[in-house]
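Commentary on secondary and tertiary structure
Read off the chains here:
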Amino acid sequence: MKSSASPHGRARPDRAGILVVSFGTSVPEARRAIDNLVDSAKEAFPEAQVRLAFTSNIIRRKIAREQNVGIPTPAEALARMQDEGITRVCVMPTHIIPGEEYDDIRSVVDAFASIRGKYGFRRIALGSPYLHSVPDCDRMAEILAARFGRRLEDEGTAIVLMGHGTPTHSANAMYCQLQLALDRIADGRFFIGTVEAAPTIEDVVRGLKKHPSVGRLVLSPLMIVSGDHANNDMAGPDDDSWLHRLRREGYENVEPHLVGLGEDPRMAEVFVERIREMLL
Ligand code: CO
């Protein structure tokens, strides 16, 4: 009788895996934000094997050298998970926008999806980043309004957020979509800029000047981790950090809030929801 099982034994049992994919960070305290998302996935899906990969080779090599911590690339992690007997895998990025990094992750997922036979997965799916659609931006705006709710009670306080940005990818437009969503629910209270692209810090300042009632600023990363960009480009001691540029523009009361979005339980909730949708 013909059987669907492999000729050399029984078919492998179904085993679920979740691969969390982050850019990575070399700042040890910033790891909390990534670990929070990983732990949330572990807690929500105890039956699944949860693993972590970093996309940044520079960061992977730096932490291997300096901290003796070995984090695989997405391709390495998937190959190992397949070898361990995981048959269904959800790849979940921690990224904010679907930019170049996301395209690269997708190409790895597509490559693994094309593998047939004993080296392939039965199913492999890729989750979407936080800002993938207009409703995603509305949801993120609500999260940010709740996150900074106490600060917003003071009418003279505005929140300046530093996104990463990507100069050559259309996904950069998601920052403007998020700004629109924030303006709808909290007009003149949030100002988004990016490190690498647009809106720039100059755009932020121009926006702030249109709201003369704003006297105090909270400066915070629109990134999963509060790492190198937040500690240096945003709130660092250099003259051209956002903190110092805003001070030069006359905002003497600027308070850096150096906490990554990944530490926010609301962000973890969205993360877990997206994995759940993939597992269905
Ligand atoms: Co960067």
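Nothing here was measured: the structure is a model prediction, and the numbers come from that model.

A few points about the pattern of salt bridges
Per the stated rule, a full pass over the model turns up 16 salt bridges. Note that Arg206 and Asp203 form a salt bridge whose closest N and O atoms lie 2.5 Å from each other. Of the two residues, Arg206 and Asp203 both sit in helix 8 (residues 201-209), three residues apart, roughly one turn of that helix. By sharing partners, the salt bridges in this structure join Asp14, Arg88 and Arg122 into a single network.

Describing the sheet that holds strand 6 (residues 190-194)
Strand order in the open sheet formed by four strands is 6-5-7-8, with parallel pairing between adjacent strands. Lying at the two open borders of the sheet, with one neighbouring strand each, are strand 6 and strand 8 (253-256). This sheet shows a mean twist of 25° between the axes of neighbouring strands, independent of strand direction. Sheet topology note: the strand 5 (residues 157-163)/strand 6 ladder contains five bridges and is parallel. Among the inter-strand pairings, Leu161 is bridged to a residue of strand 6, identified as Ile192. Of the strands in this sheet, strand 5 and strand 6 touch helix 7 (residues 174-185), which is tilted by about 175° from strand 6. Sheet strands touched by helix 8: strand 5, strand 6 and strand 7 (216-221). Its angle to strand 6, the strand with the most contacts, is close to 165°.

Considering unusual backbone geometry
Going from Ala198 to Pro199, the amide bond is cis rather than trans, its omega being -5°. Secondary-structure assignment places Pro199 in the loop between strand 6 and helix 8. For Asn68, which is not glycine, the phi torsion reads 55° and is therefore positive. Topologically, Asn68 is positioned in the loop between helix 2 (57-66) and helix 3 (74-83).

Digging into the coordination of the cobalt ion
All of the protein donors around the cobalt ion are His164 (NE2) and His229 (NE2); their distances to the metal are 2.0 to 2.1 Å. With a gap of 65 residues between them, His164 in the loop between strand 5 and helix 7 and His229 in helix 9 (residues 228-234) connect regions that are remote in the sequence.

Some details on the sheet that holds strand 4 (residues 123-126)
Here we have four strands laid out as an open sheet, ordered 2-1-3-4, and parallel in their pairing. The two strands at the open ends of the sheet, each matched to only one other strand, are strand 2 (49-54) and strand 4. Taking the axes of each pair of neighbouring strands and ignoring which way they run, one obtains an average angle of 20° across the sheet. With six bridges joining them, strand 1 (residues 16-22) and strand 3 (residues 88-93) adopt parallel strand pairing. Counterpart to Val20 in the pairing with strand 3 is Met92. Across the sheet, helix 1 (residues 31-44) lies against strand 1 and strand 2, angled at about 155° from strand 2, the strand it touches most. Across the face of the sheet, helix 11 (residues 265-279) comes into contact with strand 1, strand 3 and strand 4 while running at roughly 150° to strand 3.

Parameters and conventions
Residues numbered from 1 in each chain as written. Predicted model: local features only at pLDDT ≥ 70, side-chain atom pairs only at ≥ 80, totals over all residues. Heavy atoms only, no water. Salt bridge = Lys/Arg side-chain N within 4 Å of Asp/Glu carboxyl O. Helix = DSSP H or I, 4+ residues; strand = E, 2+ residues; numbered from the N terminus. Pairing = 2+ DSSP bridges. Axes fitted to C-alpha atoms, helices over the stretch in contact; angles between N-to-C directions. Contact = heavy atoms within 4.5 Å. Donors = N, O, S within 2.8 Å, 3.2 Å for Na, K, Ca; no water.

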